[in-house]
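Listed below, chain by chain, are the residues.
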Protein chains: 2
Amino acid sequence: MKLTSKGRYAVMALVDLARFNNINPVSLRDISLRQGISLDYLEQIFSKLKKNEIVKSIRGTQGGYVLNKNPNDIKLTNIFHAVDEKVKTVQCKKESKRGCNGKATKCITHNLWDELEIHINTFFENKSLNDLLNNNKETRV
Amino acid sequence: MKLTSKGRYAVMALVDLARFNNINPVSLRDISLRQGISLDYLEQIFSKLKKNEIVKSIRGTQGGYVLNKNPNDIKLTNIFHAVDEKVKTVQCKKESKRGCNGKATKCITHNLWDELEIHINTFFENKSLNDLLNNNKETRV
DNA sequence: CTAAACTTGACCATTTTAGTCAGGTATGTA
DNA sequence: TACATACCTGACTAAAATGGTCAAGTTTAG
Ligand code: FES
Ligand code: FES
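Description of the structure in this document.

Thoughts on unusual backbone geometry
The bulk of non-glycine residues show a negative phi, and the bulk of peptide bonds are trans.
Then step 1. Located in the positive-phi region is Gln62(A), a residue other than glycine, with phi close to 65°.
Then step 2. Here Gln62(A) lies in the loop between strand 1 (55-58) and strand 2 (64-67).

See the structure below:
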């Protein structure tokens, strides 16, 4: 199981954004330089973050992005959901009654994977952007 | 983040194996039929499980595989390790001092991903094959 | 007017996944 | 001893996912 770069970058970028949030909109170019993430890729990511109302955009010169919510109300769950970084422990369809191998009943390990999925998601639900901020607060501008 | 089929299959197959373990060696063909997993793929998986001393093989007619340890002593961690299903939340090298983007220091979210990795691995360390067995015990042969 | 910065969508190389295929080799049983 | 069963090994591959790049816009402060 691995975390994709998209998810990791999204969180990195938002932490960076949150640190400078109070002052001015933050341009993707700045985030790109500070965090070493491709600008083009960041644009894809922020497009999704915006659609999910996690950030707001300000166009034009001196524009950039601003958080659209209190950092306390932005959980990792929200971020991951926005960029389609989802936890998938099973192949079988949730809705369907059929198992992962197409059989009529769920397989012998299905419950285990459900447990695992909940275990991981709990972690994401309990972490807010604010939690991350406190560990890395930038005192200077 | 998603769990790969290899990891899922390995656990499915071992649970299946464990259920019939006491009686006779279990052939991959049987597991393949019961669990709906490709025989050829199972062979790859069991080759690794054997190298890691989780199962023993018995060749020839009426042969098959048997658990090499007490089901209580086979944790998910061991199984996943055997089949190279590893939890990877970061891109940066563990040993290296460098960050994920090649910078000199670890990035602002590095600690978070470490926490996450530990969180997930804890789940795997606390689940044994026996735990899974009890939920799905087959009473008949 | 123009440069900075967001916006959109297409495109693509590489890697990983989830297998298949084609050969073996060992051994219990008839 | 023949033979069927079942393990063993390595090469190969189609399809999907990943991690981007590239091109061509639009908006707006100064
Ligand atoms: S994982 Fe859901 S049926 Fe196998
Ligand atoms: S994840 Fe380790 S440095 Fe970014």
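Structural notes on the pairing of strand 2 (residues 64-67) of chain B
Then step 1. Note that strand 1 (residues 55-58) of chain B and strand 2 of chain B share four bridges and pair antiparallel. When the bridges of strand 2 of chain B are listed, Lys56(B) appears paired with Val66(B).

Let's talk about the interface of chain A and chain B
Then step 1. On the side of chain B, 40 residues touch chain A, which itself brings 40 residues to the contact.
Then step 2. Between chain A and chain B lies a buried interface of about 3,600 Å² when both sides are counted; carbon and sulfur atoms form 65% of it.
Then step 3. For the pair chain A and chain B, the number of links is two salt bridges.
Then step 4. A salt bridge links Lys127(A) to Glu115(B); its shortest N-O distance comes to 2.9 Å.
Then step 5. On the surface where chain A and chain B come into contact, there are 17 residue pairs in polar contact (both at pLDDT 80 or more).

A look at the protein's contact with DNA strand C
Then step 1. Near DNA strand C there are 26 residues, and of these Lys50(A), Tyr65(A), Ser38(B), Gln44(B) and Arg59(B) occur at the shortest range.
Then step 2. Within the side chain of Lys50(A), an N or O atom sits 2.5 Å from a phosphate oxygen of DNA strand C.
Then step 3. Between DNA strand C and the protein, one listed contact pairs a base oxygen with a side-chain N or O atom of Arg59(B) at 2.7 Å.
Then step 4. Elements with a contribution of two residues or more to the surface near DNA strand C: helix 3 (39-51), strand 1 and strand 2 of chain A together with helix 1 (5-20) and helix 3 (39-51) of chain B.
Then step 5. Looking at the surface near DNA strand C, its residues break down into six nonpolar, 14 polar and six charged.

Here we look at a positive patch on the surface
Then step 1. Taken together, the side chains of Lys2(A), Lys86(B), Lys88(B) and Lys93(B) present a region of like positive charge at the surface.
Then step 2. Along the chain, Lys93(B) turns up in the loop between helix 4 (76-82) and helix 5 (110-125).
Then step 3. We classify Lys93(B) as exposed; its relative accessible area is 56%.

Here's the deal with the pairing of strand 2 of chain A
Then step 1. Alternating residues of strand 2 of chain A divide into Gly64(A) and Val66(A) and Tyr65(A) and Leu67(A), and every residue in both groups is buried.
Then step 2. Between strand 1 of chain A and strand 2 of chain A, which pair antiparallel in sequence order, lie five residues; one of them, Gly60(A), sits at a positive phi of approximately 85°.

Considerations on the environment of Lys103(B)
Then step 1. With respect to the helices and strands, the residue Lys103(B) is situated in the loop between helix 4 and helix 5.
Then step 2. Along the backbone, Lys103(B) and Val11(B) are 92 residues apart, and their C-alpha atoms lie at a distance of 39 Å.
Then step 3. With near-sequence residues (within four places) excluded, Lys103(B) lies in contact with Leu33(A), Arg34(A), Gln35(A), Gly36(A) and Arg98(B).

As for the relation of the copies chain A and chain B
Then step 1. When chain A is fitted onto chain B, the two copies agree to an RMSD of 0.1 Å after a turn of 180° and an axial shift of 0.0 Å. Both copies are brought into coincidence by an operation consistent with a two-fold rotation axis. If distances are taken from each C-alpha of chain A to the rotation axis, the shortest is found for Met1(A), at 2.9 Å.
Then step 2. Of the interface residues in chain A, 100% have counterparts in chain B that sit at the interface too, so the contact is made through matching surfaces.

Side note on the pattern of salt bridges
Residues and elements named next belong to chain A.
Then step 1. Counted according to the given criterion, the structure contains eight salt bridges over all chains.
Then step 2. Note that Lys48 is salt-bridged to Asp84, the shortest N-O span being 3.0 Å. Placement of Lys48 in helix 3 and of Asp84 in the loop between helix 4 (76-82) and helix 5 (110-125) is noted, with a sequence separation of 36 residues between them.
Then step 3. The exposure class assigned to Lys48 is partly exposed, which follows from its relative accessible area of 25%.

A closer look at helix 1 of chain B
Then step 1. For helix 1 of chain B, with 16 residues, the first-to-last C-alpha span of 23 Å sits near the 22 Å given by 1.5 Å per residue.
Then step 2. Burial analysis of helix 1 of chain B places 14 of its 16 residues in the buried class, which makes it a mostly covered element.

Re the protein's contact with DNA strand D
Then step 1. The local shell around DNA strand D holds 25 residues, among which Ser38(A), Arg59(A), Lys50(B), Ser57(B) and Tyr65(B) are the closest.
Then step 2. A breakdown of the atoms of DNA strand D within 4 Å of the protein gives sugar and phosphate a share of 57%.
Then step 3. Note that a phosphate oxygen of DNA strand D is positioned 2.5 Å from one of the side-chain N or O atoms of Lys50(B).
Then step 4. Ser57(B) is positioned such that a nitrogen or oxygen atom in its side chain is 2.7 Å from a phosphate oxygen of DNA strand D.
Then step 5. Elements that contribute at least two residues to the surface near DNA strand D include exactly helix 1 (5-19) and helix 3 of chain A together with helix 3, strand 1 and strand 2 of chain B.
Then step 6. Of the residues contributing to the surface near DNA strand D, the split by class is six nonpolar, 14 polar and five charged.

Each value, and the rule that gives it
Residues numbered from 1 in each chain as written. Chains lettered and ligands numbered in written order. Predicted model: local features only at pLDDT ≥ 70, side-chain atom pairs only at ≥ 80, totals over all residues. Heavy atoms only, no water. Helix = DSSP H or I, 4+ residues; strand = E, 2+ residues; numbered from the N terminus. Pairing = 2+ DSSP bridges. Contact = heavy atoms within 4.5 Å. Buried area = accessible area lost by both parts, 1.4 Å probe. Salt bridge = Lys/Arg side-chain N within 4 Å of Asp/Glu carboxyl O. Polar contact = N/O pair within 3.5 Å; in protein donor to acceptor, adjacent residues only side chain to side chain. Near = heavy atom within 4 Å. Nonpolar A, V, L, I, M, F, W, Y, C, P; charged D, E, K, R; others polar. Patch = residues over 30% accessible without salt bridge, like charges linked within 9 Å, V, L, I, M, F, W, Y side chains within 5 Å. Areas by Shrake-Rupley, 256 points an atom, 1.4 Å probe, with all protein chains shown as cover. Lys, Arg positive; Asp, Glu negative; His and termini not counted. Charge placed at Lys NZ, Arg CZ, Asp CG, Glu CD. Buried < 20%, exposed > 50% of the residue type's maximum accessible area, 1.4 Å probe, protein only. Least-squares fit on C-alpha atoms with pLDDT ≥ 70 in both. Expected span 1.5 Å × (residues − 1).

Worth remembering: the numbers are spatial, not functional.
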